[in-house]
Amino acid sequence: MSGLARMVGQRLALGAFTLLIVSMVIFAAIEALPGDFAEAILGQGATPEAVAAIRESLGMDRSAVERYFAWLGGVFSGDFGVSFSQLSFQSQYGQTGERDIVTVADQLAPRFANTIFLAATAAAVAVPLSLALGILAALYRGSIFDRAANVGTLTSISSPEFFVAYILILFLAAANPIFPSISKIHADLDFWERLYRTVLPALTLTLVVTAHMMRMTRVAIINLMASQYIEMARLKGVPRWRVIVRHALPNALAPIINVIALNLAYLVTGVVVVEVVFVYPGIGQMFVDAVKLRDMPTVQACCLVFAAAYILLNLLADVLSVLTNPRLRHPK
Amino acid sequence: MGFLTYVVLPLAVLTGIAWTARAGFRGIAGPFGAVFRAMPLTAAFGLTVVLLYVLAALAAPVIAPYGESQVFDEFNLFPGENPDFVLGTDQLGRDLLTRLLYGGRNTIGIAFVTTALAFLIGATFGFIAAVLGGWLDQVVSRTVDVLMAIPQLIFALLLLTIFGQSTINMILVIAVLDSTRVFRLARAVGGNIVVMDYIEAAKLRGEGIGYLIFKEILPNAAAPLLAEFGLRFCFVFLLIAALSFLGIGIQPPLADWGTMVRELSIYIGYAEYGDWQAASLPLLPAAAIALLTVAINFTVDWMLDRYSGLKD
């Protein structure tokens, strides 16, 4: 058992280390910004005093290492700084600058919840659906169903998310107004209304992710069914369903869990485009807007959230595949 | 029904062409022709479509009715309103058919250049790491690990914020990010070749690292790299289209499919009033993107299937 704990501990430490390195890379981004930010924000009115004042209020007068740890410390306590577009500088306006400043964290929190809701809805449909389809395609390999599924999923994987999204909008929102094409989500919607407005973006993500997940499940099961102990079970006359339930499934658990976690990580990227298409108020939308405005604190925060989600899901896949594999669980 | 005319009909026509082309491919004599003899319809379809795209991209200036950024007085024309502009004009009065053809040329061309650049960077570092090994290999490999820990689209957005949004920056950023995958493959393939006896012999002859890479490793690694090129091109193509769709990729006045989808998406509401021709407009560039990646995937799938012995 201690060996197992050490193994999981090692993976977790590696994940934490990767996250730390990634945070450094993301922080280094602001350092690499060409030109002086203070001068850029002031434009024509960049007097030396004003520049110095802004630099001070942004903490630019300290060394990069100092600022990195200040930023990292802030991130741990949920403080991502203040969005550039929200900054009001005392020197710039000549007032005390006391107004309600919306921090990046304030903007991020509700949007984060929305994105999680969208991803969770998509996953809740996609995971059982793709597992069922994948296992069926593997069991009836070479049949019409398998071939049709192969062509269908390959098409769906190759299509950009916005293609799938606009086809859905065209048929389910524009031509037959069943669902809203723009997801207006706000805090005081009840669950069903919220779900109703999330249907189209969630369906888009589901279609794209299901294809990936189904193909990977199919390959995992096919590899498994080709192994010798399955053949042995079959040859000694074990019924087909029993081969699957007793012999194949326990061993299929590890690859399948891996597939699920990897595809949830894929959702992280997919969510950006889909949110923009449906004007869904999530982090992806916020990220893209911030990139266009070159609003560094917001970009850093969004980037860190996405990277962390991605790394955590990959880590989860890693740890779970250790836990579900007896050979790894009891190393010799 | 605009959807039928724009999506289903071209697909049917293409499948028909592919069917005929397959007969043509099968007719190729000699050892080279043997490759095509057992070709499934999907592969024939893929190959035909890829060839048609390449032709259209190369010949865009010849077949396009007008210049890429030529502006006419009639802006926001609907499809079919004026026989001079088959698909209508955009908000600036540019012919949409022309934009579509040039958009394909630009998107495919830029994606190709980016992929080629990614292979140049990735394969060079990968082979060097495989040949030299040691601390250099460790440094590059660990750097690649970190770069791959962040999803590409997210990382590309971060880097484009830093360096500013321009077509050149996007090409460089994506090429560098994508070269990490090529590096992994090149290093793995190169690592398998480096242990061969003929490499040892060349080393003992006193050949330099340049000779080893170009004369010994590259010819032996060409086949897996080529198959990977098709897949990486698809990926880069989709990434560029997605970035352009978000307004952060290829910048105007260059025409490109991702931007066209976003700009034309306002027409989709016309389906409510029964104007399917206008409503299907945004699907046109989107379908063009999807069709090309599907075609490449079909082709690569068949090649891998044929050469990897995965078939039982």
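Predicted model only: the values in this text are computed from it and were never measured.

> Is there a simple way to explain the overall build of chain B in this structure?
Check the secondary structure of chain B and you find 12 helices and 0 strands. When the helices and strands of chain B are placed in sequence order, the string is α-α-α-α-α-α-α-α-α-α-α-α. In terms of its C-alpha atoms, chain B occupies a principal-axis envelope of roughly 75 × 55 × 35 Å. Across the 312 residues of chain B, 53% fall into the buried class. If you take every contact in chain B between residues at least 6 apart in sequence, the share linking residues at least 24 apart comes to 69%. Carbon and sulfur atoms make up 69% of the accessible area of chain B, which totals about 14000 Å². Measuring between centres, the 17 positive side-chain charges of chain B sit 12 Å from its 22 negative side-chain charges.

> Help me understand empty space enclosed by the protein in this model?
One way to see where empty space is left: roll a probe the size of a water molecule over the atoms. What the rule picks out here adds up to 2 cavities of 30 Å³ or more. Together, A:Ile135, A:Leu139, A:Ile221, A:Met225, A:Ile244, A:Ala248 and A:Leu249 line the largest cavity. Listed by contribution, the elements that provide at least two residues to the lining of the largest cavity are helix H6 (104–139), helix H9 (191–225) and helix H11 (240–277) of chain A. Of the residues in the lining of the largest cavity, the class split is 7 nonpolar, no polar and no charged. Space inside the second largest cavity adds up to approximately 30 Å³. Around the second largest cavity sit B:Leu87, B:Leu96, B:Leu100, B:Met260, B:Leu264, B:Leu281, B:Leu284 and B:Pro285, which together line it. Of all the secondary structure elements, the ones that give two or more residues to the lining of the second largest cavity are helix H4 (96–132), helix H10 (257–264) and helix H12 (283–307) of chain B. Residues that form the lining of the second largest cavity fall into these classes: 8 nonpolar, no polar and no charged.

> It is not clear to me how the pattern of salt bridges should be interpreted in this structure. Could you clarify?
Pairing between side chains of opposite charge can happen when their charged atoms approach one another. Residue and element names in this part refer to chain B. Inspection of the entire model under this criterion finds 9 salt bridges over all chains. Where Asp137 meets Arg187, a salt bridge forms, and the shortest distance between an N and an O atom there is 2.7 Å. With Asp137 in helix H5 (residues 134–148) and Arg187 in helix H7 (residues 167–194), this residue pair connects regions lying 50 residues apart in the sequence. Salt-bridge contacts for Asp145 lead to Arg142; the nearest nitrogen and oxygen are separated by 2.9 Å.

> Explain the packing of aromatic side chains here, please?
Describing an aromatic ring pair means giving the distance of the ring centres and the angle of the ring planes. All names here are of chain B. According to the stated counting rule, one finds 9 aromatic pairs over all chains in the structure shown. Ring centres of Tyr53 and Trp257 lie 6.0 Å apart, and the angle between their planes is 85°; on these two criteria the pair is classed as edge-to-face. Here the residue Tyr53 occupies a position in helix H3 (residues 41–63), and Trp257 occupies one in helix H10, the gap between them amounting to 204 residues. By the burial criterion, Tyr53 is buried, and Trp257 matches it. Ring geometry for Phe112 against Phe229: centres 5.7 Å apart, planes inclined by 65°, an arrangement best described as edge-to-face. You can see Phe112 sitting in helix H4 and its partner Phe229 sitting in helix H9 (residues 209–245), a full 117 residues away along the chain. Positioned above the aromatic ring of Phe235 is the side chain of Arg232, whose terminal nitrogen or guanidinium carbon lies 5.0 Å from the ring centre.

> Can you help me understand the nonpolar core in this one?
Within soluble globular proteins, side chains that are nonpolar generally end up buried alongside one another. Residues A:Phe162, A:Tyr166, A:Val277, A:Phe287, B:Met170 and B:Trp257 are the most contacted members of the largest nonpolar core, which totals 150 residues. Residue contributions to this core reach at least three from each of two domains, namely domain 1 (36–102) and domain 2 (109–329) of chain A. If we ignore the near neighbours within four places in the chain, the residues touching A:Tyr166 are A:Val277, B:Phe245, B:Val261, B:Ser265, B:Ile268 and B:Leu283.

> Please clarify how the state of the cysteines should be interpreted in this entry.
All names here are of chain A. This structure, assessed with the given rule, holds 0 disulfides over all chains. In this model Cys302 remains outside any disulfide bridge; the closest cysteine sulfur is found in Cys303, 8.3 Å from its own. A relative accessible area of 0% places Cys303 in the buried class.

> How should the side chain of A:Thr121 be read in this particular structure?
Summarising the element assignment, A:Thr121 is placed in helix H6. In contact with A:Thr121, other than residues within four places in its own chain, are A:Leu195 and A:Ala202.

> Honestly, unusual backbone geometry in this entry has me stumped. Any pointers?
It is generally the case that most residues other than glycine have a negative phi and that most peptide bonds are trans. Look at the link from B:Pro252 to B:Pro253: it is a cis peptide, with omega at 10°. Within the chain, A:Val279 stands out as a residue other than glycine whose phi angle is a positive 50°. Looking at the secondary structure, you find A:Val279 in the loop between H11 and helix H12 (283–293).

> Looking at this structure, how should I read the interface of chain A and chain B?
In many reports, interface size means the accessible area that the parts give up when they come together. Contact residues are listed per partner, giving 46 residues for chain A and 43 residues for chain B. With both sides pooled, the region where chain A packs onto chain B buries about 3900 Å², and carbon together with sulfur makes up 82% of that total. Interface area lost by chain A to chain B is led by A:Phe162, A:Tyr166 and A:Leu170, which between them contribute 17%. Across the contact surface, chain A and chain B share 0 salt bridges. Across the chain A-chain B interface, the total number found is 3 residue pairs in polar contact (both at pLDDT 80 or more). Only helix H1 (2–31), helix H7 (144–158), helix H8 (161–175), H11, H12 and helix H13 (296–323) of chain A provide two or more residues apiece to the side of chain A that touches chain B. Looking at which element gives the most residues to the side of chain A that touches chain B, the answer is H8(A), with 9 residues. Split by residue class, the side of chain A that touches chain B holds 36 nonpolar, 6 polar and 4 charged.

> What is the right way to look at H9(B) in this model?
Spacing of three or four residues puts side chains on the same side of an α-helix, whose turn is 3.6 residues. In this model, H9(B) (37 residues) spans only 43 Å end to end at C-alpha, well below the 54 Å of a helix rising 1.5 Å per residue. Count one or two residues on from H9(B) and you reach B:Gly247, which has phi positive near 90°.

> I tried to follow the environment of B:Val144 on my own but got confused; where do I start?
Within the secondary structure, B:Val144 sits in helix H5. Setting aside its immediate chain neighbours within four residues, B:Val144 contacts B:Thr180, B:Phe183 and B:Arg184.

> I would appreciate a short explanation of the confidence of the model for chain A in the present structure.
Reading fine detail from the predicted coordinates is not recommended where pLDDT is low. Residues and elements named next belong to chain A. Residues with a pLDDT of 70 or more make up 83% of chain A, whose mean pLDDT is 78. When the elements of chain A are averaged for pLDDT, helix H5 (residues 90–93) gives the smallest value, 46, and helix H10 (residues 228–235) the largest, 87. Note that residues 89–98 has pLDDT below 50 and, in this model, 13 contacts with residues that lie over four places away or in other chains.

> What exactly am I supposed to notice about the side chain of B:Thr259 here?
Residues and elements named next belong to chain B. Tracing the sequence through the fold places Thr259 in helix H10. Relative accessible area serves as the criterion here: at 10%, Thr259 is assigned to the buried category. Sequence-distant contacts of Thr259, that is, excluding residues within four places in its chain, are made with Ser244, Phe245 and Ile250.

> Even after reading the chapter, I still don't get a nonpolar patch on the surface, so can you show me in this structure?
Residue and element names in this part refer to chain B. Together, Leu9, Val13, Ile17, Leu52 and Leu55 make up a nonpolar patch on the protein surface, roughly 440 Å² of accessible area in all. Of all the secondary-structure elements, those providing two or more residues to the nonpolar patch are helix H1 (2–27) and H3. With respect to the helices and strands, the residue Leu9 is situated in helix H1.

> Just to check I follow, could you spell out H8(A) for this structure?
Residue and element names in this part refer to chain A. Here H8 is 15 residues long and its end C-alpha atoms lie 20 Å apart, about the 21 Å a rise of 1.5 Å per residue gives. In the structure, H8 departs most strongly from a straight axis at Ile169, where the bend amounts to approximately 35°. The element H8 is largely enclosed, with a buried count of 11 among its 15 residues. Along H8, the positions that sit buried rather than exposed are Glu161, Phe162, Phe163, Val164, Ala165, Tyr166, Leu168, Ile169, Leu170, Ala173 and Ala174.

What counts and what doesn't
Each residue is numbered by its place in its chain's sequence as written, counting from 1. Here the convention is simple: chains get letters from A, ligands get numbers from 1, in the order in which they are written. Reporting of local features is limited, given that this is a predicted model, to residues whose pLDDT is at least 70; pairs of side-chain atoms are given and counted only at 80 or more, and all residues count toward the totals for whole chains, interfaces and linings. Processing note: side-chain calculations cover all non-hydrogen atoms of the structure and skip hydrogens and water entirely. What counts as a helix is a DSSP run of H or I of at least four residues, what counts as a strand is a run of E of at least two, and both are numbered from the N terminus. Remark: exposure states derive from per-residue accessible area (1.4 Å probe, protein chains only) relative to the maximum for the residue type, with buried under 20%, exposed over 50%, and partly exposed in between. In this analysis, two residues are considered to be in contact whenever any of their non-hydrogen atoms come within 4.5 Å of each other. To measure how exposed things are, a 1.4 Å probe is used in the Shrake-Rupley method; for residues, cover is taken only from the protein chains shown. Think of it this way: Lys and Arg go in the positive column, Asp and Glu in the negative one, and His and the chain ends go nowhere. Think of each charge as sitting on NZ of Lys, CZ of Arg, CG of Asp or CD of Glu. Every definition here rests on a 1 Å grid over the protein atoms only: cavities are sets of points where a 1.4 Å probe fits but cannot get out, pockets are open sets enclosed by protein on both sides within 12 Å along at least five of seven lines, and lining residues have some atom within 4 Å of a point. Grid points are joined across faces, edges and corners, and a volume is the space filled by probe spheres set on the points. When residues are grouped by polarity, Ala, Val, Leu, Ile, Met, Phe, Trp, Tyr, Cys and Pro land in nonpolar, Asp, Glu, Lys and Arg in charged, and all others, Gly among them, in polar. When a carboxyl oxygen of Asp or Glu lies within 4 Å of a side-chain nitrogen of Lys or Arg, that pair is called a salt bridge. Note on aromatic pairs: the rings of Phe, Tyr and Trp (six-membered ring only in Trp) are paired at centre separations within 6.5 Å, and the planes decide the class, stacked below 30 degrees, edge-to-face beyond 60, tilted for the rest. Charge-over-ring contacts are defined here by two conditions on Lys NZ or Arg CZ: a distance within 6 Å of the ring centre and an angle within 35 degrees of the ring normal. Take the buried Ala, Val, Leu, Ile, Met, Phe, Trp, Tyr and Cys residues and link them wherever side-chain atoms come within 4.5 Å; each set so joined is a nonpolar core. In this document the domain limits rely on a domain assignment from an automatic tool or a database. Count a disulfide wherever a pair of cysteine sulfur atoms falls within 2.5 Å. When two parts are brought into contact, each loses some accessible area as probed by a 1.4 Å sphere; the total of that loss over both is the buried area. Pairs of N or O atoms are called polar contacts if they sit within 3.5 Å, as long as, within protein, a hydrogen donor faces a hydrogen acceptor (for residues adjacent in sequence, only side-chain-to-side-chain pairs). In this analysis, the expected span of each helix is defined as 1.5 Å times one less than the number of residues it contains. A score between 0 and 100, pLDDT records how confident the predictor is in each residue. Put simply, a patch holds well-exposed residues, over 30% relative accessible area, that have no salt bridge, with like charges counted together within 9 Å and Val, Leu, Ile, Met, Phe, Trp or Tyr side chains within 5 Å. In this scheme, the bend at a residue equals the angle between the axes fitted to the seven residues that finish there and the seven that begin there.

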